[in-house]
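# Reading the structure
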Amino acid sequence: MRAILRSFLRQVVFDGVYHADLHPGNVLVLPDGRPALIDFGSVGRLDPGLRDTVQELLAAYLQDDTSRIADAVLRMAPVRNAEDESDFRRDMARFVAEELGPGARIGVETVDDAVAVFGRYRLRAPADFVAAARALAIFEGTLRTLTPSFDLLEESRGLAAEQIRDQLRPAAIRNVLVRELFGLVTSARRLPRRIDKITEAVEAGRLSVNIRLLSDRRDRQTVSGMIRRVLLVLLGAGSGLLAVVYLATPARPTAVISTLVAGALLGGTCVVLLAWAAIDAWLARRRQ
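Our subject in this report is the structure included herewith. (Residues numbered from 1 in each chain as written. Predicted model: local features only at pLDDT ≥ 70, side-chain atom pairs only at ≥ 80, totals over all residues. Heavy atoms only, no water.)

## Thoughts on the overall build of the chain
Tallying secondary structure elements over the chain gives ten helices and four strands in all. Starting at the N terminus, the α and β elements of the chain follow one another as α-β-β-β-β-α-α-α-α-α-α-α-α-α. In the chain, of all internal contacts separated by at least 6 residues, the share reaching a separation of at least 24 is 65%. (Helix = DSSP H or I, 4+ residues; strand = E, 2+ residues; numbered from the N terminus. Contact = heavy atoms within 4.5 Å.)

Now the structure itself:
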């Protein structure tokens with residue numbers, strides 16, 4: 001059962017293509033004991049933006065952070081009236097505690113209750129997101145049929161934590177950085193053409209500018225994210241410079257080891273901070 005659950009979580013959270021009809025008849029056990037899935041006539045898909053939201057929801061759930069759960073939901077489906085946001089956050093915290101707390105069972109009624117909370121505040125949850133939640137509810141029913149004592153939520157916590165750790169391996173982070181660098185190069189190649197268009201608009205008197213200085217919550221999040229990334233880069237660059245100074249400066253024989261350790265720690269701090277800034281920039285771009 002854990003193997004099937006691990007496969008399903010990876011399909012939804014990271015791959016974005018998942019088996020959407022995992023009832024007991026679509027789960028087989030091979031002669032060697034391995035599970036197998038059949039009948040892929042019903043397949044669900046999540047676009048990159050929704051996958052980012054699901055990953056954020058999962059990380060927040062693992063940390064029991066209902067505030068971050070509400071933040072992720074509101075980015076996916078903003079409330080129409082800003083005055084309703086505090087009430088929505090309270091209802092969302094109550095829903096997580098009652099429906100997704102220890103010992104809870106996920107069913108179709110759980111998804112319906114979540115949709116009811118969204119509807120109360122006129123939030124329009126994407127249909128693909130609701131479909132993925134219903135697929136999880138169907139899968140939970142299958143697990144309950146095959147292994148009544150199986151705790152899907154508790155098992156999901158452990159397996160999700162493993163998969164998130166896999167995504168933080170150096171090789172996975174390197175692949176993310178390479179993809180983002182490729183995207184930056186592509187954007188840079190389009191920059192001269194965009195400048196030409198702006199220049200033409202100015203010459204023709206057709207240039208218009210809309211200003212919403214921090215009037216929207218998303219604007220405030222963008223500005224705070226930029227400040228955070230600038231600080232991370234500055235701190236990382238400072239740590240790198242100090243590491244170079246420590247490692248390049250001749251030291252007394254009695255202080256060689258302490259100097260090398262300090263240089264190595266500063267160098268490691270530099271790598272961590274710069275990688276953090278790069279990943280934060282990538283996540284911000286995917287959310288936009």
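## Focus on the packing of aromatic side chains
All told, the structure shown has four aromatic pairs when counted by the stated rule. On the basis of an interplanar angle of 80° and a centroid distance of 6.3 Å, the ring pair of Phe-8 and Tyr-18 is categorised as edge-to-face. Here Phe-8 is found in helix α1 (residues 2-15), whereas its partner Tyr-18 is found in strand β1 (residues 17-19), with ten residues between them in sequence. A residue is classified by how much of its surface remains accessible, and Phe-8, at 3% relative accessible area, is buried. Considering the side-chain rings of Phe-8 and Phe-139, the 5.1 Å spacing of their centres and the 35° angle between planes classify their relative orientation as tilted. With a gap of 131 residues between them, Phe-8 in helix α1 and Phe-139 in helix α6 (residues 127-146) connect regions that are remote in the sequence. For Phe-139, a relative accessible area of 1% corresponds to the buried category. A network of ring pairs unites the aromatic residues Phe-8, Tyr-18 and Phe-139 as a single cluster. (Phe/Tyr/Trp six-rings, centres within 6.5 Å; stacked < 30°, edge-to-face > 60°. Buried < 20%, exposed > 50% of the residue type's maximum accessible area, 1.4 Å probe, protein only.)

## Comments concerning the nonpolar core
Counting residues in hydrophobic clusters, the biggest one holds 51 residues, and the most contacted among them are Tyr-18, Val-73, Phe-88, Met-92, Leu-123 and Phe-139. At the level of elements, α1, α2 (48-62), α3 (66-76), α4 (85-99), α5 (108-120), α6 and α7 (152-167) are the ones that each hand at least two residues to this core. (Core = buried A, V, L, I, M, F, W, Y, C linked by side-chain atoms within 4.5 Å.)

## Structural notes on empty space enclosed by the protein
Counted under the stated rule, the structure contains one cavity of 30 Å³ or more. Of the voids in this model, the largest cavity is the one considered here, and its volume is about 780 Å³. Looking at side-chain class alone, the lining of the largest cavity contains 26 nonpolar, two polar and no charged residues. (1 Å grid on protein atoms, 1.4 Å probe; cavity = no way out; pocket = protein on both sides within 12 Å on 5 of 7 lines; lining within 4 Å. Points joined across faces, edges and corners; volume = space filled by probe spheres on them. Nonpolar A, V, L, I, M, F, W, Y, C, P; charged D, E, K, R; others polar.)

## Considerations on α2
Given a rise of 1.5 Å per residue, 15 residues ought to cover 21 Å, and the 21 Å separating the end C-alpha atoms of α2 matches this to within 8%. Restricting attention to buried positions, one finds in α2 the residues Leu-50, Arg-51, Asp-52, Thr-53, Val-54, Leu-57, Leu-58, Ala-59, Ala-60 and Tyr-61. N-capping of α2 is provided by Asp-47, with a side-chain oxygen placed 3.0 Å from the backbone N of Gly-49. Looking one or two residues past α2, Asp-64 carries a phi angle of roughly 55°, positive in sign. (Expected span 1.5 Å × (residues − 1). Polar contact = N/O pair within 3.5 Å; in protein donor to acceptor, adjacent residues only side chain to side chain.)

## A closer look at the pattern of salt bridges
Overall, the coordinates contain eleven salt bridges when judged by the stated rule. Close ionic contact of Asp-32 with Arg-34 constitutes a salt bridge, the shortest N to O distance being 2.7 Å. Arg-228 is the partner of Asp-280 in a salt bridge, and the nearest nitrogen-oxygen pair spans 3.0 Å. Separated by 52 residues along the polypeptide, Asp-280 in helix α10 (residues 256-287) and Arg-228 in helix α9 (residues 217-248) bring together distant segments of the chain. The exposure class of Asp-280 is buried, given its relative accessible area of 9%. For Arg-228, a relative accessible area of 35% puts it in the partly exposed group. Ionic contacts of the salt-bridge type, sharing partners, join the residues Glu-56, Arg-68 and Arg-75 into one network. (Salt bridge = Lys/Arg side-chain N within 4 Å of Asp/Glu carboxyl O.)

## Examining unusual backbone geometry
With a phi angle near 55°, Asp-64 is a residue other than glycine that sits in the positive phi range. Of note, Asp-64 is situated in the loop between α2 and α3. Given the relative accessible area of 57%, Asp-64 is considered exposed. Its identity is not glycine, yet Arg-122 carries a phi of approximately 60°, on the positive side.

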